[in-house]
Amino acid sequence: MAFLSEVPLQKERFSLLLLEPGEIYFEDFSVFFYPSVESDEEAIRRKVRGRLKICSKCIVFDPQEISHPVVKFPLRECILIEKWTGPLLSRLGGRRDMIAIQSKQTIEMKANNIIGSYEFKKKTETHRFSLNYITPDDVLQIMCQLQRATTLPLADEASMIAAIVYSSYNRIKFNTSWLETLYEQIIMETVGDHIKPLVVNPGRIMLTSSRLYFQPFNNVEPVPVIKIKLSDIKRLIKRRFLLREVGLEIFCSESSFKSDMFLVLSKPEDRNKLYNNILDQEGVCLKESGQENMTLLWQNGVISNFDYLLYLNSQADRSFNDLTQYPVFPWVIADYTSETLDLTNPKTFRDLTKPVGALSPNRLQRFQERLKDMPEPKFLYGSHYSTPGYVLFYLLRVAPDYALCLQSGKFDQPDRLFKSIAETWNNVLHLQSDVKELIPEFYQPEMADFLINRTGLNLGIQQDGSKVNRVELPPWAEDEVDFCRKCREALECDYVSQNLHHWIDLIFGYKQRGQEAEKADNVFYYLTYEGAVDLDSIKDLNERASVKVQIMEFGQTPKQLLTKPHPSRFASALPVARHSNNSSPVPVLSAHDDVNGSGCSDSPSPDSDAQLTDDNTLQPEEVTASAILKKASQPAFQWDHMDKLQQSFQHRLHKDTVKAVQVSNDGKLVFSVSQDTNLKLYSTEEQQQRRSISISSMPLSSLCAMPDGKTVLVGSWDNSLYLYSIEYGRIVDKLMAHDDAVSALCLQDGVLVTASWDSTVKVWTVEDLCKEGNGVVRLNNAQMTAELDHETGVSCLDVSSDNSLVLSGTRDGTVYVWELATQSILRYSMSHTGMVHDVKFSPDGQKVLSVGEDHYMRVVDVGTGTEVFAKDTDQEEIRCVCWRENTVLAGSSSGNLLVWDMVKAQLTASIPGHEGAVSCVQSTSDGHTIVTGGADKKVIVWKVR
């Protein structure tokens, strides 16, 4: 998953990391190297066999014997590259297949295959090579062209190299003998780069009807051709690379955030064409996992804080393949000096509401004072929280090749290396130039080797005389694995889970830029932000090259994912922690505690639930977020089993589409209204119709039965509300409520809310309607207390359980949340394209659900307005919904009843029901009885079997 999987495990010493970052390797050939010594005889005796490699900025000699160093000849240091015509030729039998490289400097690397700082030898010497199977004419032209390129300004050098690359590789076609079968249809062929950290390797991309192939132009890859079966691809993500929308990352494992291949093409149009062509192939079946759905899973505790942060990083263009956009994780622990790690104490933790640069008030004040005198564009922090240098600062011990590549072949000064957790945290708090966050490896015990110097790297001696070796750990950590495990425990614990959304707002959300970023003291250098500069629009090639270098050094702020506050995690989903030797709910962890599986544990997999004891309490060893949610829903046990819903009986009660149904709480009576103008009363015990009444001359749209089952309120297309008494068998009152058809109504605790096509929602006080045993009640004492105006006709509504909020959906796709106390809009969003079919509050009132004719089901957090779930239901256009506990029942246009688990954000069952669209669904509060009505004129009663 993490960077360590990218560290090369090659038998050969040569890799692209021995070159400059992004440098191109063209080809190599067999040679003998003759060292510069006093006599030709000695040179012949000491000749070394190996391969000479031509690269865009250097020539590399890779000897066969590992006792000899790999030697690099920087082309900018080369004086002359030519055929050799000296007396040594006569000693070799007159062969004329030698070349000479005269250079002012050579760089020796990996002598005896030991990784360490490169040895730079500044001495003008002539180095001679005899070519074994080719002539000098075969190689000198490209060598000399590349040497000339290094004499040009940076941008011109890049242009000339690009032209050489194009000319050289354009002649190479994909070798179709590598195709897996003869029956593959070639869809497209193009040129692109295979991207790994600090490495760019060009090659030819071939897409067929069954596979994606990458054939590198050189022999540096472990295999001649990389092959990916299209059926194995689970995720396909468009990426930025060096500020340009030209990347495509391919994932073949559903759960991995480390991709199988990262490709970069020359233009956005080429990238998009490859992306679309892959999606068009029949064998491709991508796993859908939108950001909104993952947010809901995280809120419910189905996925851990760690996995959710990895997901947000991926959505924000952070990739393990790109060190300029490596995944960023927060410091969460602030105590690195205590003997025990006390997760009960808020002072143990870093303030997640502030960026790193604002954690120290004194340092922040210095930043703010500097800001006052700064010209535009102003910034607080001149350094960033994530750069390639910072990533490799942490990973030096496991990725020294990368560090040497980035730092021009030298390790940093010993006193500046990563050598102590406490010292690094102290620097982050106080140094003016250090505001870096962490990387995922800190929270992965299996990756703890990055803290250990297992290969014995010579990292130097500090000024105090001590040798830099392993990273010094805090006292509360027993060893490196224990340190990472406890960091993970802290990341997943109660305090962090309650506050992590604040840090998300800073890094990925609405506090990332603009006025909110200024208020939060979260402003970085302008070039770090997405969209700050369009490289393709910069005509001056030198300026463009300079901007690229700056981006590489300053780091990149993640793509902004949210413009509204990120919702918090549900309190019921927070992990319950315990000490390994104590049943107390929150742990105090020391260096000697065994916290594997204890403490603030990771959130469980969707299928892992705690066991309930006979007294309905949770076993301490088995406490998980999903178990807490399950326990909370115990009173409504049926809702956990809605996937076992079966038809009890059905009747064709109406002559037109059934528009609304209601079932009494005891499940004995079912009411329904239809476009046929009739109200029907049905007995589930007798399984027969007991009453049929023509209410109006126009279709009926909605109904609400009184708790006593004696009175029914009906909405009609004739703009009116009708009050029908079952006991007296007649309409006892009528109210002209609107100027157009009544589309929906809701009656609760003496408050009646009605919606209409006249673009209004009206709120009425009708306390007498909710009183039982008072004989005939009437509408004439209804008092309108609010009128909520909309832009278009209102199609559906719902009311929160405390009557404080009204939810409405309109014909133009807008969903509104109204605050009744102020009669004002709390939230609104254009959630759908076309009419909103139905809207519902979640049982706890924290979320709103809407479905529309655009086939989307969406869930929005009421507090923040953030969309936390979005699902395109394809052919299953949802017409109506019922939300109880953690389950949504949805009626679809195909006649199926869909069961959604809103904790796991997934469809758990699709149950055939009606022969036409399901137009309405309603249930008893305990979930024992479900009633649906449909376009097939039927009413169906359902039971859990």
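Worth saying up front: this structure is predicted, and the values here are computed from it rather than measured.

Chemist: Just checking my understanding: could you explain the overall build of the chain for this structure?
Modeler: Of regular secondary structure, the chain possesses 16 helices and 44 strands. A burial count over the chain gives 58% of its 945 residues as buried. Summarising the internal contacts of the chain: among those between residues at least 6 apart in sequence, 57% fall at separations of at least 24.

Chemist: Any chance you could explain the state of the cysteines here in plain terms?
Modeler: In protein chemistry, a disulfide is the covalent bond that joins the sulfur atoms of two cysteines. Evaluation of the coordinates by the stated rule reveals zero disulfides. The structure places no disulfide on Cys746, whose sulfur is separated from the nearest cysteine sulfur, that of Cys704, by 6.7 Å. Overall, Cys746 belongs to the buried group, its relative accessible area being 16%. Summary of cysteine pairing: Cys880 is not part of a disulfide, and the nearest cysteine sulfur, belonging to Cys920, is at 6.2 Å. Since its relative accessible area comes to 4%, Cys880 is described here as buried.

Chemist: Would you mind going over the packing of helix H4 (residues 154–170) against helix H15 (residues 541–554) with me for this structure?
Modeler: When two helices pack together, their arrangement is given by the angle between their axes and by how far apart the axes lie. As a packed pair, H4 and H15 sit with axes 7 Å apart at the nearest point and diverge in direction by 95°. If you check the angle between H4 and H15, you find them roughly perpendicular. Counted together, Leu154, Ala155, Asp156 and Ser159 of H4 and Leu541, Asn542, Ala545 and Val549 of H15 form the full contact between these two elements. Per-class residue counts for the contact of H4 with H15 are five nonpolar, two polar and one charged.

Chemist: Hey, could you run me through the sheet that holds strand E28 (residues 760–765) in this one?
Modeler: Sheet strands associate in pairs through backbone hydrogen bonding, adopting either a parallel or an antiparallel arrangement. With antiparallel pairing, the four strands of this open sheet are ordered in space as E26-E27-E28-E29. Whereas interior strands pair on both sides, the edge strands pair on one side only; in this sheet they are strand E26 (742–748) and strand E29 (783–789). When the angles between neighbouring strand axes are averaged without regard to direction, this sheet yields 15°. Strand direction decides the pairing type here: E28 and E29, joined by six bridges, are antiparallel. When the bridges of E29 are listed, Thr765 appears paired with Gln783.

Chemist: In this structure, what is going on with the packing of aromatic side chains? I would like to understand it.
Modeler: Taken as a whole, this structure holds 39 aromatic pairs when the rule is applied. Grouped by ring-pair contacts, the aromatic residues Trp331, Tyr336, Phe393, Tyr394, Phe418, Trp425, Phe442, Phe450, Trp476 and Phe483 constitute a single cluster. Directly above the ring of Phe14 sits Lys53, whose terminal nitrogen or CZ lies 4.7 Å from the centroid. Here the guanidinium or amino end of Arg235 rests over the ring plane of Phe251, the centre of that ring lying 4.1 Å away.

Chemist: I'm lost on the pattern of salt bridges in this one. Help?
Modeler: Oppositely charged side chains may form a pair once their charged atoms are brought near each other. In total, this model carries 37 salt bridges according to the counting rule given. For Lys57, the salt bridge identified is with Glu20, shortest N-O distance 3.6 Å. On the criterion of sequence distance, the pair formed by Lys57 in the loop between strand E2 (48–55) and strand E3 (58–63) and Glu20 in the segment before strand E1 (25–34) is long-range, its members being 37 residues apart. The exposure class assigned to Lys57 is partly exposed, which follows from its relative accessible area of 21%. Taking the shortest distance from any N to any O, the salt bridge between Arg239 and Glu249 comes out at 2.7 Å. Of this pair, Arg239 sits in strand E12 (residues 235–241) while Glu249 sits in strand E13 (residues 244–251), and the two are 10 residues apart along the sequence. Several salt bridges share partner residues, and in doing so they unite Arg239, Arg240, Glu249, Asp317, Glu530 and Lys559 into one network.

Chemist: Explain the confidence of the model for the chain here, please?
Modeler: Should pLDDT be low for a region, the predicted coordinates there are not to be read in detail. Averaged over all residues, the pLDDT of the chain is 87; the fraction at 70 or higher stands at 89%. Predicted confidence for residues 4–10 stays below pLDDT 50, and this span has 17 contacts to residues more than four positions away or in other chains. Of the regions scoring below 50 in pLDDT, residues 576–587 engages in 33 contacts with residues more than four places distant in sequence or in other chains.

Chemist: Got a minute to help me understand the pairing of E1 in this structure?
Modeler: Within a regular strand, the side chains alternate between the two sheet faces. Within E1, nine of the 10 residues are buried, which leaves it mostly tucked inside the rest of the structure. Bridge count between E1 and E2: eight bridges; the pairing is antiparallel. Looking at E2, one finds that Asp28 is bridged to Lys53. Two strands pair when backbone bridges link them, and E1 and strand E7 (residues 119–131) are joined in this way by four bridges, in the antiparallel orientation. Bridge pairing in E7 places Phe32 opposite Ser130.

Scoring rules and cut-offs
- Residues numbered from 1 in each chain as written.
- Predicted model: local features only at pLDDT ≥ 70, side-chain atom pairs only at ≥ 80, totals over all residues.
- Heavy atoms only, no water.
- Helix = DSSP H or I, 4+ residues; strand = E, 2+ residues; numbered from the N terminus.
- Buried < 20%, exposed > 50% of the residue type's maximum accessible area, 1.4 Å probe, protein only.
- Contact = heavy atoms within 4.5 Å.
- Disulfide = S-S within 2.5 Å.
- Axes fitted to C-alpha atoms, helices over the stretch in contact; angles between N-to-C directions.
- Parallel < 35°, antiparallel > 145°, perpendicular 65-115°, else oblique.
- Nonpolar A, V, L, I, M, F, W, Y, C, P; charged D, E, K, R; others polar.
- Pairing = 2+ DSSP bridges.
- Phe/Tyr/Trp six-rings, centres within 6.5 Å; stacked < 30°, edge-to-face > 60°.
- Lys NZ or Arg CZ within 6 Å of the ring centre and 35° of its normal.
- Salt bridge = Lys/Arg side-chain N within 4 Å of Asp/Glu carboxyl O.
- pLDDT = per-residue confidence, 0-100.

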